[in-house]
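Summary of the model geometry
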Amino acid sequence: MATSKEMTEGKALPLIFNFTLPLLLGNLLQQTYSLVDAAIVGKFLGIHALASVGASTSVVFLILGFCNGCCGGFGIPVAQKFGARDYSTMRRYVAVSLQLAAVMSVVLAVVTSILCAGILKRMSTPDVIFDGAYYYLLITFIGIPCTFFYNLLSSIIRALGDSKTPFWFLLLSTVLNILLDLFCILVLDWGVAGAALATVFSQGVSAILCYFYMMRRFEILKMTIAERKFNGALAKRLMYIGVPMGLQFSITAIGSIMLQSANNALGTACVAAFTAAMRIKMVFLCALESLGMAMATYSGQNYGAGKPERIWLGVKASALMMMIYWAFTFCILMFGAKAFALLFIEPTELEILDNTELFLHISVSFFPVLGLLCILRYTIQGVGFTNLAMLSGVSEMIARVLVSLFAVPSFGYVAVCFGDPTAWVFAVAFLIPAFIYVYRRILRMKKN
């Protein structure tokens, strides 16, 4: 029988570290989806096809980021009620979140599928890669319910202190994705569309397996008929927390779209380099994102248990682990960036290889800033102050828009490389005072 785990007792560092490891493996597997798509597309279909996938990256993040943010937000009240040991209300939150997900995911899938062609045109997508980008984006949007439900179910299970179960289902779907990628592209000759279909189908399988396992094996989630009924008050609470978290990702993505649009205008070579560099960067960001996700559950449980002082201990422990990881990653990417780029790009494409290496060197230099961003943002979200976390996304958007409008036209691809680091600096400048405010407030709430 699967078990849940409380993080309201014991030393913060080992608790967070042990919880983060399965999250990290899961995030790495999710990035494997993107890596496999890009590597197979780049090697077997060529640079134009790789650029087609890359041209839609920011738009995918805009929509799927909103979905993932909402799912993370829906998991916060579950973690808080679990920490408070109010299991009946916790189960009601789970039921309502599933009902909301069904409606929201279908609506998003329909609307975004209709709008995706217009979005790509507004992003100045080059004509030579437009069709490939359109079909990749369209299939990804049609598959939104698969992505939404997997991330929601994973968020609920993590809220109960179990970060291992979602990993095993994701491992299965990753292997399936690799096999389907090869089959759809090499055997069926479906091109870029085949890569998108493989990813959507694999995520759908993962979501279905996760749901049946969760409901059958977690005793704490077995609901009565009354607990399954829709509850408007709980739905309002879930939307109040989840929607700002979703909007935070979307607002951040708007800035990314602006940056990618500016990069698209620089030509196919820059688009291909940007695509390869982003895929590599996202793999190395998994540890930072996983630390943040662990802090969301850790802080949510301790907030619900009335132990806010443990949240600060968790922040310090996470920051220490983050700096150790950054030192390791810095050495790898400063000396091995070009070797990673060769996974996607032929050795004869010298300009693209150099541009990919430059992007990665600049990005890794700012990883400590991004690590602090993840830790503080998810901690703030975990205690329910999602509006403040959303405003940090606004800071990121402003930074990327400024770089896109003023720096890229003057400095070209180098400015694109500094787009994300500039956004991270802007966000952290907001999050540090925001965290101080939140932490002092929850300490006062405990005293009162």
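Anyway, here's the lowdown on the structure attached to this text. (Residues numbered from 1 in each chain as written. Predicted model: local features only at pLDDT ≥ 70, side-chain atom pairs only at ≥ 80, totals over all residues. Heavy atoms only, no water.)

From N to C terminus, the protein includes 17 helices and 0 strands. Against the compact-globule benchmark of 22 Å for 448 residues, the protein has a radius of gyration of 21 Å, which places it among compact chains. Considered along the principal axes of its C-alpha atoms, the protein spans approximately 65 × 45 × 35 Å. Buried positions account for 59% of the 448 residues belonging to the protein. Considering only contacts in the protein between residues 6 or more positions apart, those separated by 24 or more positions represent 85%. Element-wise, carbon and sulfur atoms account for 70% of the exposed surface of the protein, whose accessible area totals about 17,600 Å². Of the side-chain charges in the protein, 31 are positive and 20 negative, and the distance between the mean point of each set is 16 Å. (Helix = DSSP H or I, 4+ residues; strand = E, 2+ residues; numbered from the N terminus. Rg over C-alpha atoms; globule rule 2.2 N^0.38 Å. Buried < 20%, exposed > 50% of the residue type's maximum accessible area, 1.4 Å probe, protein only. Contact = heavy atoms within 4.5 Å. Areas by Shrake-Rupley, 256 points an atom, 1.4 Å probe, with all protein chains shown as cover. Lys, Arg positive; Asp, Glu negative; His and termini not counted. Charge placed at Lys NZ, Arg CZ, Asp CG, Glu CD.)

The next thing to look at is the packing of aromatic side chains. The tally for this structure, following the rule as stated, stands at 12 aromatic pairs. Three or more aromatic residues joined by ring pairs form one cluster here, namely Trp312, Phe435 and Tyr439. (Phe/Tyr/Trp six-rings, centres within 6.5 Å; stacked < 30°, edge-to-face > 60°.)

Here we take up empty space enclosed by the protein. Overall, the coordinates contain 2 cavities of 30 Å³ or more when judged by the stated rule. Contributing to the lining of the second largest cavity are Ile311, Thr379, Ile380, Val383, Phe435, Val438, Tyr439 and Ile442. Ranked by the residues each element gives to the lining of the second largest cavity, the list is headed by helix 17 (residues 419-447), at 4 residues. Its residues assigned to classes, the lining of the second largest cavity shows 7 nonpolar, 1 polar and no charged. (1 Å grid on protein atoms, 1.4 Å probe; cavity = no way out; pocket = protein on both sides within 12 Å on 5 of 7 lines; lining within 4 Å. Points joined across faces, edges and corners; volume = space filled by probe spheres on them. Nonpolar A, V, L, I, M, F, W, Y, C, P; charged D, E, K, R; others polar.)

Let us now look at the layout of surface pockets. The calculated volume of the largest pocket comes to roughly 230 Å³. Lining the largest pocket are Phe17, Thr20, Leu21, Leu24, Ala287, Leu288, Leu291, Met321, Ile324, Tyr325 and Phe328. Mapped by element, the contributors of at least two residues to the lining of the largest pocket are helix 1 (12-44), helix 11 (268-304) and helix 12 (309-341). Taken together, the residues that form the lining of the largest pocket break down as 10 nonpolar, 1 polar and no charged.

Here we come to the nonpolar core. Among the nonpolar cores identified, the biggest contains 69 residues, and Ile16 and Ile380 are the most heavily contacted of them. For isoleucine 380, the contacting residues outside a window of four places in its chain are Phe385, Leu388, Ala389, Leu431, Ala434, Phe435 and Val438. Listed in part, the 52 residues of the second largest apolar core include Val59, Val60, Cys116 and Ala133. (Core = buried A, V, L, I, M, F, W, Y, C linked by side-chain atoms within 4.5 Å.)

Before going further, it helps to examine the packing of helix 11 against helix 12. At a minimum axis distance of 8 Å, the contact between helix 11 and helix 12 shows a crossing angle of 170°. Our classification of the angle between helix 11 and helix 12 gives roughly antiparallel. Along the lines of polarity and charge, the residues of the contact of helix 11 with helix 12 split into 17 nonpolar, 5 polar and 1 charged. (Axes fitted to C-alpha atoms, helices over the stretch in contact; angles between N-to-C directions. Parallel < 35°, antiparallel > 145°, perpendicular 65-115°, else oblique.)

Turning our attention to the pattern of salt bridges. A pair can form between side chains of opposite charge whenever their charged atoms are brought close. Applying the stated rule across the entire model yields 8 salt bridges. The closest approach of N and O atoms between glutamate 227 and arginine 91, which form a salt bridge, is 3.0 Å. With a gap of 136 residues between them, glutamate 227 in helix 9 (residues 225-228) and arginine 91 in helix 4 (residues 87-122) connect regions that are remote in the sequence. Across the pair, exposure class does not vary: glutamate 227 and arginine 91 are buried alike. A salt bridge links aspartate 354 to lysine 338; its shortest N-O distance comes to 3.0 Å. Remark: lysine 338 occurs in helix 12 and aspartate 354 occurs in helix 13 (residues 350-365); sequence separation between them is 16 residues. We classify aspartate 354 as partly exposed; its relative accessible area is 41%. Using a relative accessible area of 32% as the deciding quantity, one classes lysine 338 as partly exposed. Within the structure, one salt-bridge network assembled from shared partners comprises Lys281, Arg377, Glu396, Arg400 and Asp420. (Salt bridge = Lys/Arg side-chain N within 4 Å of Asp/Glu carboxyl O.)

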